[in-house]
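Structural overview for review
The chain contents come next:
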Amino acid sequence: MAKHTYKFCFGPWNISEGQDPYGPPVRTPQTFDWKLAALKKLGYDAMMFHDDDAVPDVSSKSDAQVRKETRELRKKLHDAGVAAELVAPRLWFDPRTIDGAYTSNDPQCRRYAIERSLRTIDIANQLGTKLIVLWLAREGSYIRESKNARQCVDYLVEAINRMLAYDKKIRISIEPKPNEPMDHAYIPTIGHALALAQLTSDPERVGCLIETAHAILAGLDPADEIDFAMSFGKLWSIHLNDQNGLKFDQDKPFGSANLRVAFNQVRALERNGYGTRGEYVAFDVHPFRPTKPEHWLAHLENSRRTFLKLVQKARTFDEKQARALIRDRNYADLDQLVIEHLLGK
Ligand code: XLS
Ligand code: MG
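Summarised in this report is the structure supplied together with it. (Residues numbered from 1 in each chain as written. Chains lettered and ligands numbered in written order. Predicted model: local features only at pLDDT ≥ 70, side-chain atom pairs only at ≥ 80, totals over all residues. Heavy atoms only, no water.)

**With respect to the coordination of the magnesium ion (ligand 2)**
Donor atoms from the polypeptide that bind the magnesium ion (ligand 2) are Glu175 (OE), Glu211 (OE), His239 (ND1) and Asp284 (OD), placed at 2.0 to 2.2 Å. In this structure, the magnesium ion (ligand 2) is coordinated by six donor atoms arranged in octahedral fashion, with angles at the metal of 74 to 164 degrees. Between consecutive donors of the magnesium ion (ligand 2), the numbers of intervening residues give the motif E-x35-E-x27-H-x44-D. Separated by 28 residues along the polypeptide, Glu211 in strand S8 (residues 206–211) and His239 in strand S9 (residues 235–240) bring together distant segments of the chain. (Donors = N, O, S within 2.8 Å, 3.2 Å for Na, K, Ca; no water. Tetrahedral: all angles 85-135°; square planar, octahedral: opposite > 155°, others 65-115°. Helix = DSSP H or I, 4+ residues; strand = E, 2+ residues; numbered from the N terminus.)

**Overview of the packing of aromatic side chains**
Where two aromatic rings form a pair, the distance of their centres and the angle of their planes describe that pair. Inspection of the entire model under this criterion finds 14 aromatic pairs. For the ring pair Phe8 and Phe307, a centre distance of 5.6 Å and an interplane angle of 80 degrees mean the geometry is edge-to-face. Residue Phe8 is located in strand S1 (residues 8–10), and its partner Phe307 is located in helix H10 (residues 298–316); the two are separated by 299 residues in the primary sequence. Relative to Phe317, the ring of Phe263 lies with its centre 5.9 Å away and its plane at 70 degrees, an arrangement referred to as edge-to-face. Of this pair, Phe263 sits in helix H9 (residues 259–271) while Phe317 is found in the loop between H10 and helix H11 (319–327), placing the two residues 54 residues apart along the sequence. Three or more aromatic residues link up through ring pairs in this structure, and these residues are Tyr6, Phe8, Phe10, Tyr44, Phe254, Phe283 and Phe307. One residue, Lys7, lies across the ring of Tyr280, its end atom 4.3 Å from the ring centre. (Phe/Tyr/Trp six-rings, centres within 6.5 Å; stacked < 30°, edge-to-face > 60°. Lys NZ or Arg CZ within 6 Å of the ring centre and 35° of its normal.)

**Points about the side chain of Arg116**
By the element assignment, Arg116 lies in helix H4 (residues 107–127). In this structure the side chain of Arg116 is engaged in a polar contact, spanning 3.3 Å, whose partner is the backbone oxygen of Arg90. Non-local contacts of Arg116, meaning those with residues more than four positions away in its chain, are made with Asp51, Asp52, Val58, Ser59, Arg90, Leu91 and Asp94. (Polar contact = N/O pair within 3.5 Å; in protein donor to acceptor, adjacent residues only side chain to side chain. Contact = heavy atoms within 4.5 Å.)

**A few points about the pairing of strand S3 (residues 83–88)**
Within a regular strand, the side chains alternate between the two sheet faces. When you tally the buried positions in S3, you get five out of six residues, the bulk of the element. Where strand S2 (residues 46–50) meets S3, four bridges bridge the pair, whose relative direction is parallel. When the bridges of S3 are listed, Phe49 appears paired with Val87. (Buried < 20%, exposed > 50% of the residue type's maximum accessible area, 1.4 Å probe, protein only. Pairing = 2+ DSSP bridges.)

Encoded structure:
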């Protein structure tokens with residue numbers, strides 16, 4: 001197995017304030033500068049951004065103002081020695097995307113979504129990254145009869161084609177999630193994302209991003225999603241976290257709910273050489289709501305710690321014995337081999 005080192009990343013939204021649908025924030029927001037300093041202190045390598053993490057209220061600002069603020073951010077990142085991994089348009093907050101962004105029934109709203117995405121590309125270019133992420137949050141339906149799903153696939157392809165034509169060098173990673181905030185999303189899994197890529201004008205530049213919790217919410221094993229995406233050479237970023245079954249999107253620390261599922265994700269990343277082509281390991285994790293401000297970074301520190309320990313577990317797993325048990329079709333002992341390896345001495 002490859003013995004490369006990994007590079008780590010998180011986004012400003014991962015130092016969150018604890019709001020949920022039933023209660024307000026419970027921690028006072030920190031400034032961007034504080035978050036960048038925290039990222040440095042934790043020894044992470046890169047930060048990921050939504051367009052409005054880079055330029056707050058991006059939609060209400062002129063092109064010149066957006067360029068100016070992005071330039072200032074670029075300098076901050078440069079001075080801190082921190083890379084920008086990716087930029088994602090945060091389309092799901094704006095009133096114009098209330099019924100979907102690229103797949104809204106209203107042509108003006110669809111136009112807004114595309115124009116905002118092109119601006120995201122400008123921001124990414126200025127920050128020195130060619131990776132654009134699309135979490136297709138509101139591209140789905142609350143009730144099926146409200147939209148034409150066949151038409152919506154065409155809308156998604158049209159939006160992606162506009163982005164690909166706007167900049168011939170960008171790559172787009174689709175981050176699928178099966179539900180929430182919608183009842184059902186149009187692109188729920190990696191298979192859907194990669195199939196959609198084939199309909200676009202440049203399939204080579206359309207790949208995916210797997211988030212552990214989203215795969216689990218789709219009833220899938222994230223390790224299999226990793227192997228599938230990497231068979232196509234299309235896993236360009238990953239959001240590791242955890243999820244305790246079919247609930248709301250929990251974004252727990254990596255390995256928190258199911259260590260074995262986490263181990264298998266690391267094993268899949270290892271066997272496919274994830275990271276050797278410059279990809280980052282990002283943790284899309286959130287602090288538990290009761291977290292005190294003085295413990296605010298623990299979920300990020302702990303997720304990386306667990307990840308690195310699982311890398312060691314993947315590298316020291318007795319592959320020879322596993323192969324022998326597989327040959328003998330002795331899956332009971334293979335199961336126990338994994339359990340005892342994870343339990344340690
Ligand atoms: C939300 C998504 C989001 C993306 C980037 O669940 O994970 O945070 O990672 O838009
Ligand atoms: Mg994510």
